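Examination of the molecular architecture
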Amino acid sequence: MSMSFVFCKFLLVITATKNLLLLTSASIIYEGQARFTILSAQLIRLEWSLTNEFFDGKTWLVQSRQIQPIPPSFTVTRNDTHLCIDTNFITLEYLRNATTTFSQHNIRVTIRVNVIKGETVVWNAIPGEEYDGNLLGTLRTLDGSRDSKLELDCRNQPLNDLHCTYGVISRRGYVLIDDTHRPQFDNDSRWPWIINKQYSPPDPSHCQIVSIEERRNCGSSNNNINQYECELRGCCFIFPSSCFYSLQSQQDLYLFGHGHAYSQALFEFTRLTGSIPLPPRYIFGIFFSRYWAYAEYEERQIITEYIQHDIPLDVLVIDMDWHKTFYKLLSNGTQDQADQEIGWTGYTFDKHLFPNPVKFFQWCKQLGLKNALNLHPASGIQPWEEKYTAMAYAMGIDPSTAHYVPFNVTDKHYSSSLSDIVLNPLQQAGVDLWWLDWQQGEKGWMNNIPYTNPTFWLNHIFFTDPHHQDRRAVILHRWGGLGNHRYQVGFSGDVVPSWDALSFQPRFTATAANVGYGYWSHDLGGHTEEPDPELYIRWIQWGTFSPMFRTHCTKNANNDRRLWTFPWIYQNNLARFTRLRQALIPYLYTAARHTYDSGLSIVLPLYYYYPEHDEAYSYSNQYYFGQNIFVSPISQPINITTGLVHNWPIWFPPDFQWVNFFTSDLSSTSTMKSFTIDEMPVYAQVGSIIPLLPEPKSHRERIGRAQQIPQSLLLYTLIGGSSKGSGYVYDDDGSTIAYQDSSRSTSAITRFYYTVSVNTLQFTIFPASGSFSTFPTSRTYEIQLRGIFPATNVLINNVNISFEPFNELINSQNSITNSYTYDGSTLSIIIYIRQAVSTSELVEIEVELSGSISNPLLVRTPISFISLLNRCQSAKARLDYEWGIRTVYMDDYPLLLDAAATGLRITHRPSTAKRELNAFYNKRMPGACNELATKIDNIDPNIRNILLVQLQCNLFTKKKLNEIWNFKKSSRN
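For clarity, every value in this text was computed on a predicted model and none was experimentally measured. (Residues numbered from 1 in each chain as written. Predicted model: local features only at pLDDT ≥ 70, side-chain atom pairs only at ≥ 80, totals over all residues. Heavy atoms only, no water.)

Another point: the overall build of the protein. The helix and strand tally for the protein stands at 22 helices and 39 strands. Taking 2.2 N^0.38 as the reference for a compact globule, 973 residues should give roughly 30 Å; the C-alpha atoms of the protein span a radius of gyration of 31 Å, in line with that estimate. Seen through its C-alpha atoms, the protein measures out along the principal axes to roughly 95 × 75 × 55 Å. Classification of the 973 residues of the protein by burial places 60% in the buried group. When contacts within the protein are restricted to residue pairs at least 6 apart in sequence, long-range pairs at least 24 apart make up 72% of them. (Helix = DSSP H or I, 4+ residues; strand = E, 2+ residues; numbered from the N terminus. Rg over C-alpha atoms; globule rule 2.2 N^0.38 Å. Buried < 20%, exposed > 50% of the residue type's maximum accessible area, 1.4 Å probe, protein only. Contact = heavy atoms within 4.5 Å.)

Written as structure tokens, this is what we have:
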């Protein structure tokens, strides 16, 4: 037996890649009516068939059964009663003479949850036990949601049209995925299509003998299903809604026994069900959308306003008013021939609003913008559509009858005709992205094919439309069920603005990573009404560090998301984060490629990297953003008596020191921190080099920037006292599927690295590995070394470069020579490599520092110089705004003014950095706090309290002054 087994394994190595769906016999074990396929050491397929008929093709879920290039190792033993299959991680025991489908009476699987600790868990095939400990997945939409109480545990979710889906990872250690009788695909490689297959209900006698405790749900975990649909699935039904498998039912199960190796589980899931595709580069840019009947000239004006306000824009979304809408008829309750609300479906531009849509699209393309249109396709093609006659003839309807062309999404001829005649001409005219806003129900559209729904199927046919050719497909749509991760990106629906709704979205988005659905986009600011400005700021901050950045709202004159429609005191904050989002695109795109390769989404729960830490589960609104950053978006209003969000919970994962992305605050043992409205808890691993887009040279250049392969990069280096650090950036053409071709070079990776020895910092830009036709042959760089003392000398490839005074608006934009400078407000050395360097050659930068990177002045906790400086400047502005209300005079707070100007003084004279920082901590901050507490006449007591708290004056009490004095002496070294 062992020789035969070894021989079969040898055959598998040769033949496994020929058929990715059916592995050779070495990985397949038959026993009676059961078939077991060992897909990996932690993933087993379990099948049972009374007739020994097994399916080996593609399903809606499964795309390939070759999980790894080398077959897994396992042993098979049999005795008189049992079959035993053992891998390094799973032991399966099966009763050899079993005559019924899998149950606790004939199968048991032991999973090694933690091999080192010896922890195991057993799957006993008891119905429902597999849901315990599941880390959850996602559901179709957040439509109408106003709070954080939307149920993601599918057993408790009462709505069966949400396609609630459990995750493929579990804290308990295993997950069971049921693919029994799920929709199957045909073998059309050009456009795979659903097979209309239905199943006969089982023999009633096989149902009646199944006890309540042994009923395994046939379909959804909440078992909310009617008799007709249940019996189409070939399952037993007992009134009112119990749908379950009989003892003789066919079974097709996938057991994920990965323990707490969550990353491996997602990797193998995406090998089994299809990789998470890499979206086009522009998807990570800035979307503008509003449900409003904008005319072309108004859309042009909006784009002009984006330029005037220096706000980035990449994608212009036009809601349903682009086509004929018949609102007056609709207001009277008129329906179209499909018995749908008239005007909801449309494919013909309203020429009153868009007299020449082709020229409008051309104008947008000249600016670099992408265009998206909204679709509600349920009414088919009505007689008033431009393409009605052609579609009617294609579908065998006489156009003279004016009978509409019914929507029939499962008819390949209808879908092909819709694509050829209606959709593709619009795409050729300039439509880049369809927003599939399906809201017409999840039942009655799929020709009674079991387990199907129109959301999933529309996503499939639009995403896989052959007209895409080698262009990267992308759609905007809702979730349709497990396997929908192949059709990105997501649209979460119409949320009611509230703090609760905002607080739910980070957790909801991160949890969706557990089913590979990594690109949820949300209506930032909520949908149904105007959000409070503070709430909108926090929503934009979260959106900046979310998979997609898309503002949208419903039709209401007082409901708008353009930043400049909000009070001016909030606009700077809104603009700052929106610009940062566009700057983050190189980092985001690099992370998106990692998602394609690994199955790990950009927004990822903490427990993927720290599965044995309880905090990684309990801090559920905190998440990884790419591989280097974690984010904890604030979702509660500030305390009006202090101007702070107090005691915001943050967990700093062990193994790394963390530095605030904005302020260089270092992580500490404290898990509670306070933040102003301008601040956000975003932390990177110390030493991280984050690739960003530098500031553009003009407002106009912020338009359409997302789709461009960067000709210049900003390497944002967060020193945080670390003597070494690294990062990398990924590039490809950004628009085609060439990235999927591993047989040739279709992408490039550029790596960056720095080390510090004594007071010398070496920064290296390595030659790009790989290339492609549009990859830049040379690049310019801006390198920001944050949290560091000034440089005394800088060399690029052994050539000295000159120092220039820092001027963020002039020198970095217009000069053509390499140079370096120092920004005292961020304690940053900035190196400008303006003379483009070859992307295929090594670039070495040597920086001589004027002080140690670990000097306590630089790595001070719990709050950094940059944080305090920003708060001092805000305090000065707050006191200014009291003029004419309850006027205070600058004569009373000179030390506060001096503290607020410390960064600028350092910028003017970098050599004074240590002296200025010592004075800041030892004299100016204690003095400023004293001024606020006792010196300023006429100050509003509420404002006094706010500023004292925000400036953390409790750190500068008399007791603290002695500590500061000792700190000062130590920092002189």
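Before going further, it helps to examine the packing of aromatic side chains. Considering all chains together, one arrives at 62 aromatic pairs under this definition. On the basis of an interplanar angle of 70° and a centroid distance of 5.9 Å, the ring pair of Phe349 and Phe361 is categorised as edge-to-face. Placement of Phe349 in the loop between helix H6 (327-331) and helix H7 (357-367) and of Phe361 in helix H7 is noted, with a sequence separation of twelve residues between them. As far as the burial class goes, Phe349 and Phe361 line up, both buried. (Phe/Tyr/Trp six-rings, centres within 6.5 Å; stacked < 30°, edge-to-face > 60°.)

Quick look at the state of the cysteines now. Under the definition given, this model contains five disulfides. The disulfide partner of Cys218 is Cys235, and the S-S distance across this bridge is 1.8 Å. The sign of the 55° torsion about the S-S bond sets the Cys218-Cys235 disulfide as right-handed. Highlighted residues: Cys218 in the loop between helix H2 (204-208) and helix H3 (227-232) and Cys235 in the loop between H3 and strand S10 (236-238), separated in sequence by 17 residues. Here Cys218 and Cys235 have matching classes, each one buried. Taken in sequence order, the bonded cysteines of the protein link in the pattern 1-2, 3-7, 4-6, 5-8, 9-10. There is no disulfide at Cys872, and the cysteine sulfur nearest it, in Cys929, is 7.8 Å away. (Disulfide = S-S within 2.5 Å.)

The next thing to look at is the sheet that holds strand S15 (residues 370-375). Pairing is parallel in the open sheet, where six strands are placed in the order S17-S16-S15-S14-S13-S20. Whereas interior strands pair on both sides, the edge strands pair on one side only; in this sheet they are strand S17 (475-476) and strand S20 (549-551). In this sheet, S17 lies alongside strand S16 (residues 433-436) in parallel orientation, the contact comprising two bridges. Considered in S17, the bridge of Trp434 is made with Ile475. (Pairing = 2+ DSSP bridges.)

Each assigned domain of the protein is listed here: domain 1 (28-273), domain 2 (280-473), domain 3 (681-858) and domain 4 (865-965). Computed over C-alpha atoms only, the centres of domain 1 and domain 2 are separated by 37 Å. Listed per partner, the contact involves 30 residues of domain 1 and 25 residues of domain 2. Both sides of the domain 1 and domain 2 interface together cover about 2,300 Å² of buried area, and 64% of this is carbon and sulfur. Interface area lost by domain 1 to domain 2 is led by Trp60, Trp191 and Trp193, which between them contribute 35%. Summed over the shared surface of domain 1 and domain 2, the result is two salt bridges. For Lys412, the salt bridge identified is with Asp188, shortest N-O distance 2.5 Å. Inspection of the region where domain 1 meets domain 2 yields ten residue pairs in polar contact (both at pLDDT 80 or more). Split into classes, the residues belonging to the side of domain 1 that touches domain 2 amount to 14 nonpolar, seven polar and nine charged. (Domains from an automatic or database assignment. Buried area = accessible area lost by both parts, 1.4 Å probe. Salt bridge = Lys/Arg side-chain N within 4 Å of Asp/Glu carboxyl O. Polar contact = N/O pair within 3.5 Å; in protein donor to acceptor, adjacent residues only side chain to side chain. Nonpolar A, V, L, I, M, F, W, Y, C, P; charged D, E, K, R; others polar.)

In this section: the packing of helix H17 (residues 865-880) against helix H21 (residues 941-950). Relative to each other, H17 and H21 sit at 170°, their axes nearing to 10 Å. Viewed along their axes, H17 and H21 adopt a mutual orientation that is roughly antiparallel. For the pair formed by H17 and H21, the contact residues are Arg871, Ala875, Arg878 and Leu879 on the first element and Ile943, Ile946, Leu947 and Gln950 on the second. (Axes fitted to C-alpha atoms, helices over the stretch in contact; angles between N-to-C directions. Parallel < 35°, antiparallel > 145°, perpendicular 65-115°, else oblique.)

Geometrically, the link from Gln488 to Val489 is a cis peptide bond, its omega value of 20° lying close to zero. Structurally, Val489 is set in the loop between S17 and strand S18 (490-491). In this structure, Phe326 takes a positive phi of about 55° despite not being glycine. Take Phe326: it is sitting in the loop between strand S14 (315-318) and H6. Positive phi, normally seen in glycine, also occurs at Asp655, with a value near 85°. Given the relative accessible area of 68%, Asp655 is considered exposed.

A cluster of nonpolar residues, Trp568, Ile569 and Tyr881, forms a patch on the protein surface that exposes about 400 Å² of accessible area. Looking at the secondary structure, you find Trp568 in helix H13 (residues 568-583). (Patch = residues over 30% accessible without salt bridge, like charges linked within 9 Å, V, L, I, M, F, W, Y side chains within 5 Å. Areas by Shrake-Rupley, 256 points an atom, 1.4 Å probe, with all protein chains shown as cover.)

The next point concerns the nonpolar core. Among soluble globular proteins, nonpolar side chains are generally buried collectively. Grouped together as the largest cluster of nonpolar side chains are 143 residues, with contacts concentrated most on Phe545, Phe625 and Phe661. In terms of residues, this core owes the most to one element, helix H14 (residues 585-598), which gives seven residues. For Phe625, the contacting residues outside a window of four places in its chain are Thr544, Phe545, Ser546, Leu584, Tyr587, Leu588, Ile602, Val603, Phe630 and Val631. Core analysis: the next-biggest nonpolar cluster, separate from the first, contains 65 residues, Ile783, Val794, Ile829 and Ala913 among them. (Core = buried A, V, L, I, M, F, W, Y, C linked by side-chain atoms within 4.5 Å.)

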